[in-house]
Amino acid sequence: MQCIVNRRAQFSASHRYWLPELSAAENNQHFGPCTRAPGHGHNYVLFVSIAGELDEYGMVVNLSDVKQVIKQEVTSQLDFSYLNDIWPEFQQTLPTTENIARVIWQRLASHFPLVNVQLFEHPELWADYQGNGMEAYLTISTHFSAAHRLARPDLSYEENCEIYGKCARPNGHGHNYHLEVTVKGEIDPRTGMIVDLGALNQVISDMVVEPFDHTFLNKDVPYFAEVVPTAENIAFHISNLLQQPVHELGAELHKVKLIESPNNSCEVYCDTNTAKTPREFSGTHSHTGNSLKSAKLEARL
Ligand SMILES: [Zn+2]
Ligand SMILES: [Zn+2]
């Protein structure tokens, strides 16, 4: 019986993004305020995931051993350190979130059968590393507030109420949507980055947050004139909007998670090999450029 266990740890450390082979202007252009001397710090939170069969004691691995090893190999060394100097790996490749996750994996992999190392730089930015060379995942969490109404114009009010419940009420209602965008890419061996974070933030802001925030989605976002703005359809639309711009930044869109409320969220996984589109009520309009593998709805209100 395979099982995954997760262990949390944390450390506080400083770093600075600065490559001596670049000019000050070039460093600034690439890394913005992260270039400032002598550096700045984060309270990092680390999740180490380990998979295996259960032993005779009912455990994948003894978590007190895991705690000791993480402390000895990682947190006791990194806590209150200047990351650029503490490990030789960070002389070659800057200590970005994704690169720290990769190096932590390398330092723990001989101790445990790892399946994921997840590192939060802060609650709205984290990296995942799963042992595949220089490949890593980076997730940005952001939010927007918007109103919507769930109803198909080809159905009667009674029919819409039967399908969508209170969400079909005529004047709409609103949510504070939380959006998590995960991109996948190769860690650059010098900058330590899979993507220009500032540029990625800008794309998400320009394509999604600014056009969606403080709108009535059905009326203010043209796409939802034809598609019922359920959380699932909003997530599909966001993934369509982001796929090409993320590709142009040199990474690939991996997942869009839209959290509509504490009880209701959905995830769309993106894959360039398959094409699948959300269902819409007109039945005649076709969408292009969508390549989505699966959508998982976690819970319904
Ligand atoms: Zn930083
Ligand atoms: Zn709603």
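Quick notes on the rules
Residues numbered from 1 in each chain as written. Chains lettered and ligands numbered in written order. Predicted model: local features only at pLDDT ≥ 70, side-chain atom pairs only at ≥ 80, totals over all residues. Helix = DSSP H or I, 4+ residues; strand = E, 2+ residues; numbered from the N terminus. Buried ≥ 20, exposed ≤ 12 C-beta atoms within 10 Å, placed from the backbone. Contact = placed C-beta atoms within 7 Å. Axes fitted to C-alpha atoms, helices over the stretch in contact; angles between N-to-C directions. Parallel < 35°, antiparallel > 145°, perpendicular 65-115°, else oblique. Left-handed = near helix turned anticlockwise from the far one by under 90°. Nonpolar A, V, L, I, M, F, W, Y, C, P; charged D, E, K, R; others polar. pLDDT = per-residue confidence, 0-100. Domains from an automatic or database assignment. Core = buried A, V, L, I, M, F, W, Y, C linked by C-beta atoms within 7 Å. Pairing = 2+ DSSP bridges.

Undergrad: Help me understand the overall build of the chain, please; the structure alone is not making it clear to me.
TA: Helix and strand counts for the chain come out as nine helices and 11 strands. Its C-alpha atoms give the chain principal-axis dimensions of about 65 × 60 × 35 Å. In the chain, buried positions account for 31% of the 301 residues. Residue pairs in contact within the chain that sit at least 24 positions apart in sequence constitute 69% of those at least 6 positions apart.

Undergrad: Honestly, the packing of helix 2 (residues 63-78) against helix 5 (residues 97-108) in this entry has me stumped. Any pointers?
TA: In a pair of packed helices, the angle between the axes and the distance between the axes together describe the arrangement. Close contact between helix 2 and helix 5 brings their axes to 10 Å; oriented N to C, the two are set at 125°. By the angle between their directions, the pair helix 2 and helix 5 is classed as oblique. Every pair of crossing elements has a handedness; the one defined by helix 2 and helix 5 is right-handed. Between helix 2 and helix 5, the residues in contact are V69, E73 and V74 and I104, R107 and L108, respectively. Its residues placed into classes, the contact of helix 2 with helix 5 shows four nonpolar, no polar and two charged.

Undergrad: For this particular structure, what's the right way to read the confidence of the model for the chain?
TA: A low pLDDT means the predicted coordinates there should not be read in detail. Mean pLDDT for the chain: 92, with 90% of residues reaching 70 or above. Long-range and interchain partners of residues 282-294, a stretch whose pLDDT sits below 50, account for 27 contacts in this model, where long-range means more than four residues apart.

Undergrad: Is there a simple way to think about the domain arrangement of the chain in this case?
TA: Parsing the chain into structural domains produces domain 1 (1-122) and domain 2 (134-301). At five residues, the largest contribution of residues to the side of domain 1 that touches domain 2 is made by helix 5. Here the residues of the side of domain 1 that touches domain 2 are counted per class, giving four nonpolar, six polar and two charged.

Undergrad: Help me out: how do you make sense of the nonpolar core in this one?
TA: One broad trend across soluble globular proteins is that nonpolar side chains are buried collectively. With 63 residues, the main nonpolar core has L119, V183, A235, I238 and L258 as its most contacted residues. Ranked by the residues each element gives to this core, the list is headed by helix 9 (residues 231-248), at eight residues. No fewer than three residues from each of domain 1 (1-122) and domain 2 (134-301) sit in this core. Those residues in contact with I238 that sit more than four places away from it in its chain are L179, V208, V256 and L258.

Undergrad: Where do I start with unusual backbone geometry in this structure?
TA: Glycine aside, residues mostly have negative phi, and peptide bonds are mostly found in the trans state. A cis amide bond, omega 0°, links A37 with the succeeding residue P38. If you check the backbone angles, F80 has positive phi at about 60° while not being a glycine. Position of F80 relative to the elements: it lies in the loop between helix 2 and strand 3 (81-82). For F80, a count of 11 C-beta atoms within 10 Å gives the class exposed.

Undergrad: Quick question: what am I supposed to make of the environment of V227 here?
TA: The residue V227 is located in the loop between helix 8 (217-220) and helix 9 in this model. Classification of V227 by C-beta neighbours within 10 Å gives buried; the count is 23. It is 8.4 Å that separates the C-alpha atoms of V227 and R152, two residues lying 75 residues apart in sequence.

Undergrad: Just to check I follow, could you spell out the packing of helix 7 (residues 197-212) against helix 9 for this structure?
TA: Taken N-terminus to C-terminus, the directions of helix 7 and helix 9 make an angle of 145°; their axes are 10 Å apart at the nearest point. Between helix 7 and helix 9 lies a crossing whose hand is right-handed. Residues V203, I204, M207 and V208 of helix 7 lie in contact with helix 9, whose contacting residues are I238, L241, L242, P245 and V246. Of the residues belonging to the contact of helix 7 with helix 9, the class tally is nine nonpolar, no polar and no charged.

Undergrad: Help me out: how do you make sense of the pairing of strand 5 (residues 125-129) in this one?
TA: Taken across its five residues, strand 5 has four buried, putting it largely inside the fold. Counted along the chain from strand 4 (residues 114-122) to the antiparallel partner strand 5, the turn is two residues long. As paired elements, strand 5 and strand 6 (residues 135-148) share four bridges and run antiparallel to each other. Within strand 6, the residue paired with L125 across the bridge is I140. Counting the residues in the hairpin turn of strand 5 and strand 6 gives five residues, including G131, whose phi is positive at 85°.

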